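Residue-level listing of the chains:
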Amino acid sequence: MKLYILFLFLNVCTLPVLAQQKPAVKISGEVATPLTIYVDSLAQWPRITVNLKDRDGKDHSYSGTPLQAILEKAGVTMGKQLRGKNLSKYLMVKCADGYEVLFSLAELDSSFTDRQVILANETDGHALPADKGPLRLVVPGEKKPARSSFQVVEMVVRFAKD
Ligand SMILES: Nc1nc2c(c(=O)[nH]1)N[C@H]1C(S)=C(S)[C@@H](COP(=O)(O)O)O[C@H]1N2
Ligand SMILES: [Mo]
């Protein structure tokens, strides 16, 4: 009996630790299918590598999944559906430290731009360092890396209203 209680107690203690080992990004809002993407499952998605200069101007490679593929899987109005009212939708990216960055959907769609934004889990061939990961949105082709948000935890699609 004592052993059983000890076993239960150990389980309760280790559960939060296990949960922390599986950090995830949630995609919600104006989506047909809300998604949770676990870091471990990112390997099953299509992967590409892009380059990004850090704030000191040094080049780094980042590998991960094109954001468009993730948004399509969530049923966000991309591609042919990205017209009319849907052009007033935005994606808000939220990070663990409270940092938030906004994109219009058209900025992220290959029928509007060749720029490929990715959800990266690797840089220069290694997992992202803890203070930048486990997932970073990498936005190439801008003059500074300010929208390349690290420690991404949530992405929300909404209609801009004023
Ligand atoms: N979560 C989060 N992401 C962030 C920031 C931040 O404060 N929090 N700073 C941004 C800014 S202002 C810059 S310049 C770059 C710095 O990226 P680097 O460390 O690769 O140079 O990260 C961006 N991503
Ligand atoms: Mo910055």
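As annotated in an unreviewed UniProt entry, the protein chain carries the name Oxidoreductase molybdopterin binding domain-containing protein and is attributed to Chitinophaga rupis.

Undergrad: Residue-level account of the environment of Ala-146, with values.
TA: Structurally, Ala-146 can be placed in the loop between strand S9 (136–138) and strand S10 (152–159). Judged by its relative accessible area of 35%, Ala-146 falls in the partly exposed class. Distance from Ala-146 to Asp-54, taken between C-alpha atoms, is 9.3 Å for residues 92 residues apart in sequence. Look past the residues within four positions of Ala-146 in its chain and what remains in contact with it is Tyr-99 and Val-101.

Undergrad: How would you sum up the site of ligand 1? Please name residues and give values.
TA: Surrounding ligand 1, one finds Asp-54, Arg-55, Cys-95, Asp-97, Tyr-99, Lys-132, Arg-136, Pro-145, Ala-146, Ser-148, Ser-149 and Phe-150. Within the contact set of ligand 1, a nitrogen atom lies 2.8 Å away from a side-chain nitrogen or oxygen of Asp-97. Here an oxygen atom of ligand 1 and a side-chain polar atom of Arg-136 are 3.0 Å apart. Across the complex, the protein chains shield 83% of the 540 Å² of accessible surface that ligand 1 would expose by itself. Considering only residue class, the shell around ligand 1 consists of five nonpolar, two polar and five charged.

The rules behind these values
Residues numbered from 1 in each chain as written. Chains lettered and ligands numbered in written order. Predicted model: local features only at pLDDT ≥ 70, side-chain atom pairs only at ≥ 80, totals over all residues. Heavy atoms only, no water. Helix = DSSP H or I, 4+ residues; strand = E, 2+ residues; numbered from the N terminus. Buried < 20%, exposed > 50% of the residue type's maximum accessible area, 1.4 Å probe, protein only. Contact = heavy atoms within 4.5 Å. Near = heavy atom within 4 Å. Polar contact = N/O pair within 3.5 Å; in protein donor to acceptor, adjacent residues only side chain to side chain. Areas by Shrake-Rupley, 256 points an atom, 1.4 Å probe, with all protein chains shown as cover. Nonpolar A, V, L, I, M, F, W, Y, C, P; charged D, E, K, R; others polar.

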